[in-house]
Structures are given as C-alpha cells and as structure tokens.
Amino acid sequence: MVCPDTIETEDQLDEFLTRPGAPLVEFVKTIAGPLLILGAGGKMGPTLAVLAQRAASAAGKPLDVIAVSRFTDSKARKWLEDRNVKTTSCDLLQRSAIEKLPEAPSIIYLVGLKFGTAQNPGATWAMNTILPALVAERYPKSRIVALSTGNVYPFSDVKRGGSTEMDPLTPLGEYANAAVARERIFQFFSVNQQTPVALLRLFYAVELRYGVLVDIAQHVYHGSPIELTNGYFNCIWQGDANEMILRSLALVSSPPSVWNLCRPEVFSVRDVAARLGELFGRPPRFTGSEAPNALLGNSRPLCDRLGMPTVPLTTMLCWIANWIKQGGRDLNRPTHFEVRDGNY
Ligand SMILES: NC(=O)c1ccc[n+]([C@@H]2O[C@H](COP(=O)([O-])OP(=O)(O)OC[C@H]3O[C@@H](n4cnc5c(N)ncnc54)[C@H](OP(=O)(O)O)[C@@H]3O)[C@@H](O)[C@H]2O)c1
C-alpha cells in the first residue's frame, strides 16, 4: 500500500483508512457472508466495516456486511449506510435482541468498555462476560474473530521485547481482569461447542483523531509535560489493524488461536515526543523517568503470518503533526497511556 504524503481532510483520512490492500482483496473472496461486525459503532468499527465492503467490491464478491451496535452515535450509523454497509441497532446484552440477529458464518467481535471501569466496574464485567457468552451461544458454528487487548498482560521488562502469547495473564486492575474474562469465556465456548475463534490482543490502534501518538503529540504541541514512567509502548495504524483483523478470519480454531496485534517495534515515549518536537518546532517537556518495565507485546507471530503492517511510525508522526497544526478534529478520547495502576 502506498502511503499519501499528507492527509489534510477527514474525507482523505477515511478514504485511506478504508482502502483495502491487495492481500485483503484476495482474502475477502473466501469470506462466507453475511459478515457481522458486533460493536461496530465505536472508534474502529465504522472504518473496519467499510474496509470489508470496499474489499468485497474490489474483488467482485457479493458480501453483505452488517454493522451491529446500539449506535449511541447516530452519525456513525448514517456514515456506514452512506457507504453501503447495512446496519442493525441492537443492545447485545439483551438475549432476546441477539436472537433476532441474522445467521452469520463470519463474525468480528469488537464490543468493549474500558474507561469508567473505576466508577462502574459492574458494567465492565457484564460487558466482558455476559455479552461474549450470549454471542458465543447464539453463534456456535460461526467463525469468530474476537478483539482482546494487550492489557491482559502484566508489565514486562522492556529489554525482553514484549509479552508473548504464551505468557501468564496476571494483569493489574479490574478492566484488565475483565478483559481476561472476555477471552476465557470465548475459550470456554470455543472448546465446548467447537466454535472456531481467533483472539486478537490489540495494543494501541492509531489514526489522526485519537490514539497514543495523538495524545503525545497534543502534549508536545501545547507544551504540557509528558509523564515518562510508562515510557514504552506498542501501536499500529488503525487501517493496518483492521486489515489484519479481517484476515484473521483465516486463523480461527478450536480451542482459539491467540495473537498479539501491533507493529513489531517497541516505541519510546521520549523518542516519539522528541521527533514530534522537531516537527512542531518546539521541544517536549517531560516529568519522571522511565521504569524498566511497561505494558508491551511481541507481535512477531502475527506479522510473520499475515505480513508487516504497512504504515511506519515516521509516517504516522508526520501525518499527526500536520493534522494537529491545521486544527484537525480530535475525538477527545484520551488513551491515558501514562496509567500504571490499572485504574481506568
Ligand atoms: N482502539 C484501540 O486502540 C484498542 C486498543 C486495544 C484493544 N481494543 C479493543 O478493540 C475493540 C474495538 O475497539 P474500539 O476502540 O472500536 O472500541 P470502542 O470505541 O469502545 O467501540 C466498541 C463499541 O461497542 C459498542 N457496544 C458497547 N456495548 C454494546 C452493547 N451492549 N450492544 C451493542 N454494542 C455495544 C459501542 O457502540 P454503541 O454505543 O454504538 O453500542 C462501542 O462504541 C474493543 O473490544 C477494544 O477492547 C481497542
């Protein structure tokens, strides 16, 4: 995929985020439809659904892509429908509502809840336990790619290059432990029903309107200090993540296969801020110093299997700096990348 030099408008951004690469166009021919995307109304779902639809069109393959969400953001629903994605409004916590959803041999499961866990932990646990159980029960024969998160791991020594999929899941905090529960529920049903499942432990997805790089860039741009203790992270361009999520329908198995999803490099907050400082022409300010460990994942197995993500860090940083300088839209959904106590 050839990256544009700059991205100036939301239309250009959405066009690039939903532009399918050649491997996806080839792969989509093998996807049995309808393709159901559950939790499609959030940050990733809309561009993921349209990416799938555009890949199917490019492949000349008839494929119904159905985006399912409560659509608390009604603009997301209209945006999807304007781009030939079918939508269904559904509260997936309601068994009676799930029963009415169409049969679907292929499912991408995106439902999640992270922020607000400290105030309402019950909602996070319900979302990550009851809801996966209802979905898994409703679709015992479907191929399911279920999103998980890198938060399922404890911190690992930075020198190690990130946790591997075989590491124990002993994280800190209720959100992360509920995310472990989400995986375990899918694992339970996958084994008991022989449901083919792939679990993807995503680290930070990044685009120009939100993400860990945008958060660091906003600090540099506004001259506010950057907390360095949590000094290292992984991330991936959201378009690359979405391509890999869809192509992971080829990786499902019973018991589930498990994959870390991010670019393979470990990035330093200090180095990223310094590069953004050059792009903005203003040096970053820091507080604290790097701890020897951080929440990190090793994504080599998935990159070896599906190929390297296409958008490098340097390109993301140039796009983001340009976007912020010209006042591009920010979703105002901070990642809180500095949090180390698991309290979200
Ligand atoms: N984005 C990242 O950087 C990142 C990083 C690590 C892991 N992940 C994982 O990747 C997945 C997708 O990420 P995302 O950023 O798109 O998440 P998100 O913005 O939280 O979107 C998930 C969507 O699920 C929908 N949902 C919640 N409860 C529902 C219910 N009861 N019934 C139907 N839909 C419901 C919500 O949309 P409605 O209000 O329309 O229902 C919500 O916006 C999540 O599972 C997340 O844990 C994401």
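Bear in mind the structure is a predicted one, so any value in this text is a computation, not a measurement.

*Asks:* Account for the nonpolar core, naming residues and giving values.
*Replies:* Counting residues in hydrophobic clusters, the biggest one holds 44 residues, and the most contacted among them are Leu35, Ile37, Ile108, Ile245 and Leu261. Here the element with the most residues in this core is helix H3 (residues 45–59); it accounts for 7 residues. Among residues more than four places away in sequence, those in contact with Leu35 are Ala52, Leu63, Asp64, Val65, Ile66, Ser106, Ile107, Ile108, Leu246 and Leu249.

*Asks:* Just give me the short version of the packing of H3 against helix H9 (residues 238–247), but keep the residues and values in it.
*Replies:* Contact pair H3 / H9: the axes reach a minimum separation of 10 Å and the direction vectors enclose 60°. Taken together, the axes of H3 and H9 lie oblique to each other. As H3 packs across H9, the resulting crossing turns out to be right-handed. Across from Thr47, Leu48, Leu51 and Ala52 in H3, the residues of H9 making contact are Gln238, Gly239, Asn242, Glu243, Ile245 and Leu246. Of the residues contributing to the contact of H3 with H9, the split by class is 5 nonpolar, 4 polar and 1 charged.

*Asks:* Give me the lowdown on the site of the ligand, citing residues and values where you can.
*Replies:* In the vicinity of the ligand there are 29 residues, among which Met44, Arg70, Phe71, Thr72 and Leu92 approach most closely. Within the complex, the protein chains bury 90% of what would otherwise be the 870 Å² of accessible surface of the ligand. Of all elements in the fold, only helix H6 (121–138), strand E5 (143–149), helix H7 (174–193) and strand E8 (204–206) reach the threshold of two or more residues within the shell around the ligand. Considering each element in turn, the shell around the ligand owes the most residues, 3 residues, to E5. Of the residues that constitute the shell around the ligand, the class distribution is 16 nonpolar, 8 polar and 5 charged.

Definitions and cut-offs
Residues numbered from 1 in each chain as written. Predicted model: local features only at pLDDT ≥ 70, side-chain atom pairs only at ≥ 80, totals over all residues. Heavy atoms only, no water. Core = buried A, V, L, I, M, F, W, Y, C linked by side-chain atoms within 4.5 Å. Buried < 20%, exposed > 50% of the residue type's maximum accessible area, 1.4 Å probe, protein only. Helix = DSSP H or I, 4+ residues; strand = E, 2+ residues; numbered from the N terminus. Contact = heavy atoms within 4.5 Å. Axes fitted to C-alpha atoms, helices over the stretch in contact; angles between N-to-C directions. Parallel < 35°, antiparallel > 145°, perpendicular 65-115°, else oblique. Left-handed = near helix turned anticlockwise from the far one by under 90°. Nonpolar A, V, L, I, M, F, W, Y, C, P; charged D, E, K, R; others polar. Near = heavy atom within 4 Å. Areas by Shrake-Rupley, 256 points an atom, 1.4 Å probe, with all protein chains shown as cover.

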